[in-house]
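If you want the building blocks of each chain, they are given just below.
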Amino acid sequence: MTTHAPRPRRILSVLAATTLLAGGLLLGQTVTAAPAQAAGKTVTCNVPKMRQESQSLRSKAAKLKKLGAREEARKATAKADALDKRVRACQDADSHAPKPFPG
């Protein structure tokens, strides 16, 4: 007497699990795709304006911190950090973008 399932039954359950796993991975990748890139739109970055806004947020955070408003200062610093991250992403995208074919 064996307690194992018959071989065809095991193969079907493994095949079903593999299919579900692969489908979940594909679904997860499509959900996390950037909306602008998926729609084929061009994303433009105004780097100087973004840097200026980051600097103003950092100075605002310093003033708030000096006045004792720690939570508001933390939020302003977080916004400035997010802007700096977007600036780096824009610069990285520009440096790695394919160059047009010389014609």
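Residues numbered from 1 in each chain as written. Predicted model: local features only at pLDDT ≥ 70, side-chain atom pairs only at ≥ 80, totals over all residues. Heavy atoms only, no water.

(A) Up close: helix H4 (residues 70–96). Its 27 residues place the ends of H4 39 Å apart at the C-alpha level, agreeing with the 39 Å of an ideal helix rising 1.5 Å per residue. Listed as buried for H4 are Ala73, Ala76, Ala80, Leu83, Val87 and Cys90. Buried residues along H4 sit in contact with helix H3 (47–67). (Helix = DSSP H or I, 4+ residues; strand = E, 2+ residues; numbered from the N terminus. Expected span 1.5 Å × (residues − 1). Buried < 20%, exposed > 50% of the residue type's maximum accessible area, 1.4 Å probe, protein only. Contact = heavy atoms within 4.5 Å.)

(B) Highlighting the packing of H3 against H4. At a closest axis distance of 8 Å, the pairing of H3 and H4 adopts a crossing angle of 160°. Classified by the angle their axes make, H3 and H4 are roughly antiparallel. Between H3 and H4 the crossing geometry is left-handed. Its residues assigned to classes, the contact of H3 with H4 shows eleven nonpolar, three polar and ten charged. (Axes fitted to C-alpha atoms, helices over the stretch in contact; angles between N-to-C directions. Parallel < 35°, antiparallel > 145°, perpendicular 65-115°, else oblique. Left-handed = near helix turned anticlockwise from the far one by under 90°. Nonpolar A, V, L, I, M, F, W, Y, C, P; charged D, E, K, R; others polar.)

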